[in-house]
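Examining the three-dimensional arrangement
Given next are the chains, with one letter for each unit.
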Amino acid sequence: MEYSMLQSLLSDLEREKEYAQTVSPLYGAVFEVLHESLAHVGGFADDIARLWAGRSVTAWFERPLLLAAALHRIVRSGHAPRLAPFYGTCSGDYQPAQFDALHDALLDLLDHQRDEFMRRLQEQTLQTNEISRGITWLYVLSDQWRSRPASVGLFEIGCSAGLNLIADKYGWDIQAAGRSHGKAGDPKKPARIVQVVM
């Protein structure tokens, strides 16, 4: 792996690990193990270098989050039974006292399922700030609001920090199959066209 790319990636992983340790002990530990794995030139580090050669990143956290997302997809697919008990999305729970077990399970995955991990890394992109996802609730509720205005309470329990909840602050022209299916959101704002599949 090119030295500067390795150093940059290791620095990004260290930074993400420090942040994650304050909000998610599981991901703090995951980033620590990934950092350790990539610190040793050869094997996994060389595979990442080949895969990401020439790939530009837009933010320091992009590569660490791509690594975590690829890992999470494998865990959620059922192909990482030793890691699943640590993930809340698989009804698991990670405690810092379990670090050694997590460490061994993650290294085992990187050794025995590296092709799948690399394939998922190659396919994935990172998008963290797209409010148009909120159109899924806004479109459905917009007809209800037109016919009988009511108060609706929505809760964002995901990782988008509420971005999905502010779609009504923008104007939308909802289109499908080449024609408009109505407007939604704030009528005073310029309409952004969003394509939906119906």
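Model, not experiment: these values are computed from the prediction.

Calculation criteria
Residues numbered from 1 in each chain as written. Predicted model: local features only at pLDDT ≥ 70, side-chain atom pairs only at ≥ 80, totals over all residues. Heavy atoms only, no water. Phe/Tyr/Trp six-rings, centres within 6.5 Å; stacked < 30°, edge-to-face > 60°. Helix = DSSP H or I, 4+ residues; strand = E, 2+ residues; numbered from the N terminus. Buried < 20%, exposed > 50% of the residue type's maximum accessible area, 1.4 Å probe, protein only. Core = buried A, V, L, I, M, F, W, Y, C linked by side-chain atoms within 4.5 Å. Contact = heavy atoms within 4.5 Å.

As for the packing of aromatic side chains
Following the criterion strictly, the structure yields five aromatic pairs and no others. Relative to F117, the ring of F44 has its centre 5.8 Å away and its plane inclined at 55°; by these criteria the two rings are tilted. Remark: F117 occurs in helix α6 (residues 114-123) and F44 occurs in helix α3 (residues 44-51); sequence separation between them is 73 residues. Taken individually, F44 and F117 each receive the classification buried, so the pair is uniform in this respect. Taken together, Y27, F31 and Y87 form an aromatic cluster joined through their ring pairs.

Section: the nonpolar core
In terms of nonpolar packing, the biggest core is built from 38 residues, with L67, L83 and F117 touching the most fellow members. Elements supplying a minimum of two residues to this core: α1 (3-23), α2 (25-39), α3, α4 (62-77), α5 (99-112) and α6. Among residues more than four places away in sequence, those in contact with L83 are L71, V75, L102, A105, L106 and L109. Counting residues in hydrophobic clusters, the runner-up holds seven residues, among them I135, L138, A167 and I174.

Observations regarding the environment of D173
Mapped onto the fold, D173 is located in strand β1 (residues 171-176). The exposure class assigned to D173 is buried, which follows from its relative accessible area of 10%. As for D173 and G185, which are separated by twelve residues in sequence, their C-alpha atoms are 9.0 Å apart.

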